[in-house]
Structures are given as structure tokens and as C-alpha cells.
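# Survey of secondary and tertiary structure
Now for the letters of each chain:
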Amino acid sequence: MITIKKRDEFERMAVAGATVAVVLRTVREAATPGVTMKELDAIAAEVIRGRGCTPSFLGYHGFPAHICTSPNSVIVHGIPNTYRLKRGDILSIDAGAIYEGFHGDAAITFGIGEIDPAAQRLLDAAEAGLWAGIQEVKHGARLGDIGSAVQAEADRLGYGVVREYVGHGIGRQMHEEPQVPNFGKKGTGMKLRTGMAVCIEPMFNLGGPETRVEADGWTVVTADGSLSAHFEHTIGVTEDGPVVFTAGDLFSSSPGD
Ligand code: MG
């Protein structure tokens, strides 16, 4: 249990986060060969609204959907379209929900059926990078502690760490200060304080770190066409360490359970 001043806000973020966790789990279960990105978006919309939340992404700077669907070489911000999943694809789903004015935001990447072992290693490393970053979160830690911990997981296997897109503060807005990079130097950068909340979201590429934005103005792809993996959680900062709001196992007050 968290014992801090912002308990009330953190509890609302935990409800938003729990909804995001259910969205990701439900979409993942539905993501089988032949299913389109638009069908996944409709499923996500139903879960978000069914739990008394509103979607964070819909209408955000004009974004036209409830989730981002980013298959294979798409890094982030893919718009749900008519693409049909194939066995062997990897797919990133990024979702956000608002509960009583507070946001939750998280992403997972997973394989459709059996995937290439090299793709699986990339997914495992990106998820390990996320958790390495989360473990650094506590009152008094610095942003560079998070970034360097994330980066170390990519460096071990030679993956490109995306630098143009980074994590962020979160609360009443989906994107707040500070920026939370997936690279950096231990002991440098802003200090975290109890009551803050941040999103850590590593993006690891099988090839180089360079990115390109497609003509729709949203879809970010790897410049070299290599596969990309993306994982994200929303995390509250406490004296004792991190509270992961989007892990889906916090509090019993989540509506709809
Ligand atoms: Mg985010």
C-alpha cells in the first residue's frame, strides 16, 4: 500500500491503469491471424467505455482511434487500419484511459503465433529494459538512473534504442513534464519526488535506432525496415519505490472486475 499525500490521485490513476491493463490483455487475446487493426481498436473502445473510463488517445492532436497498433517495423503511433495479422508478425499495442480526470498509459509487444527467435529476443530485451528502468524509480532517483538502466539492456544485445520518442510524466494530462529518455547517464538529470508519476517506454529496434514518420503524419517506422518492440507502464513514485499502475494487480476498487 502507498502512504503518501497524493494517495487520492494515485488511486484514480490505478483505476485508469487497471483499465489499460485489461485493454491490453483483451486485445492481445483477440489478436490472431486474419484479424484487422480496426477490429482490435473496436474491442479496445468497448473495454475502455465499459469500465467507466474515456480513451486518452482518441482526438489527441487529432489521433483518430482508441489505441495505437504498430506491427513489425512500425515503432509507435500506428493508426488502426485494415492490415490483417499474419502468423509470425509482432504487434505493439499502446493504450490510454482516463478515470475521474487521471490518465493511465501502457504498451505491450507480442508475437502472432510462432515468431522468429530473433524477434522473440528483441521483445524479451525491450520488456527487460522497461523493468530495469522501473526498478530505478523511487524518491530521490534521477532520470539518468532510469535511462541508463534501460539502455544497458539494449546495449547488451546491440539493439538500437530510439531517441526521438521518449517516456513522459503523466497525471491530469497524458503527456506532462518531464521527458523520460531511454538512454542517459546514471546520477544525472532531474530528481524524482514522491507523488510524481511517469511513463517509462523503451523502444528497441533490431537494427539501427533511426526513425522515419510515414505520410499519415503519425506512423513511426524504423528507417532501416527492421523490427521494433515497445513496452510501457505508468508508474507512481513513492518513498519505498515504484507503484506500477498499469500492471493490473493494484487495488480492488477497479470498476467492472
Ligand atoms: Mg506514453
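A short tour of the structure in this document, coming up. (Residues numbered from 1 in each chain as written. Predicted model: local features only at pLDDT ≥ 70, side-chain atom pairs only at ≥ 80, totals over all residues. Heavy atoms only, no water.)

### A closer look at the coordination of the magnesium ion
Asp105 (OD), His168 (NE2), Glu201 (OE) and Glu232 (OE) make up the full set of protein donors to the magnesium ion, lying at 2.2 to 2.4 Å. Look at Glu201 and you get buried, because its relative accessible area is 7%. (Donors = N, O, S within 2.8 Å, 3.2 Å for Na, K, Ca; no water. Buried < 20%, exposed > 50% of the residue type's maximum accessible area, 1.4 Å probe, protein only.)

### What to know about the sheet that holds strand β11 (residues 211-213)
Pairing is antiparallel in the open sheet, where three strands are placed in the order β3-β12-β11. Sheet topology places β3 (74-76) and β11 at the edges, where each strand pairs with a single neighbour. On average, each strand axis in the sheet is tilted by 40° relative to the strand beside it, whichever way the strands run. Bridging between β3 and strand β12 (residues 220-222) involves two bridges; their strand directions are antiparallel. The partner of Val74 across the bridge, within β12, is Val221. (Pairing = 2+ DSSP bridges. Helix = DSSP H or I, 4+ residues; strand = E, 2+ residues; numbered from the N terminus. Axes fitted to C-alpha atoms, helices over the stretch in contact; angles between N-to-C directions.)

### A few points about the nonpolar core
Judged by nonpolar contacts, the single largest core of 54 residues is most densely connected at Leu40, Leu91, Leu192, Ile200 and Phe204. Those residues in contact with Ile200, other than ones at most four positions away along the chain, are Leu130, Gly133, Ile134, Val137, Ile146, Val150, Val180, Asn182, Phe231, Glu232, His233 and Ile235. Counting residues in each nonpolar core, the second largest holds nine residues, with Phe102, Ile170, Cys199 and Val243 among its members. (Core = buried A, V, L, I, M, F, W, Y, C linked by side-chain atoms within 4.5 Å. Contact = heavy atoms within 4.5 Å.)

### Describing the sheet that holds strand β10 (residues 203-205)
Across the sheet, three strands lie side by side as β6-β10-β13; this open sheet has antiparallel pairing. Looking at the sheet topology across the chains shown, the edges are occupied by β6 (160-161) and β13 (228-230). As paired elements, β6 and β10 share two bridges and run antiparallel to each other. Bridge assignment links Val161 to a residue of β10, and that residue is Phe204. Contacts from helix α3 (residues 117-134) reach β10 and β13 within the one sheet, and its direction differs from that of β10 by about 150°.

### Here we look at unusual backbone geometry
For the peptide bond that leads from Glu177 to Pro178, omega is 0°, which places it in the cis range. By the element assignment, Pro178 lies in strand β8 (residues 176-180). Of note in this structure, Asn72 is not a glycine but carries a positive phi near 55°. The residue Asn72 is located in the loop between β2 (67-71) and β3 in this model. A residue is classified by how much of its surface remains accessible, and Asn72, at 19% relative accessible area, is buried.

### Comments concerning the environment of Arg172
Mapped onto the elements of the fold, Arg172 is located in the loop between β7 (167-169) and β8. In this structure the C-alpha to C-alpha distance between Arg172 and Thr188, which are 16 residues apart in sequence, comes to 27 Å. If we ignore the near neighbours within four places in the chain, the residues touching Arg172 are Glu9, Gly101, Phe102 and His103.

### As for the environment of Glu201
Tracing the backbone through its elements, the reader meets Glu201 in the loop between β9 (197-200) and β10. With 93 residues separating them along the chain, Glu201 and Ile108 place their C-alpha atoms 9.6 Å apart. Each residue touching Glu201, except ones within four places of it in the same chain, is listed here: Asp94, Val166, Gly167, His168, Asn182, His230, Phe231 and Glu232. Within the structure, Glu201 has its side chain in polar contact with the side chain of His168 (distance 3.1 Å). A polar atom in the side chain of Glu201 sits 2.8 Å from the side chain of His230. (Polar contact = N/O pair within 3.5 Å; in protein donor to acceptor, adjacent residues only side chain to side chain.)

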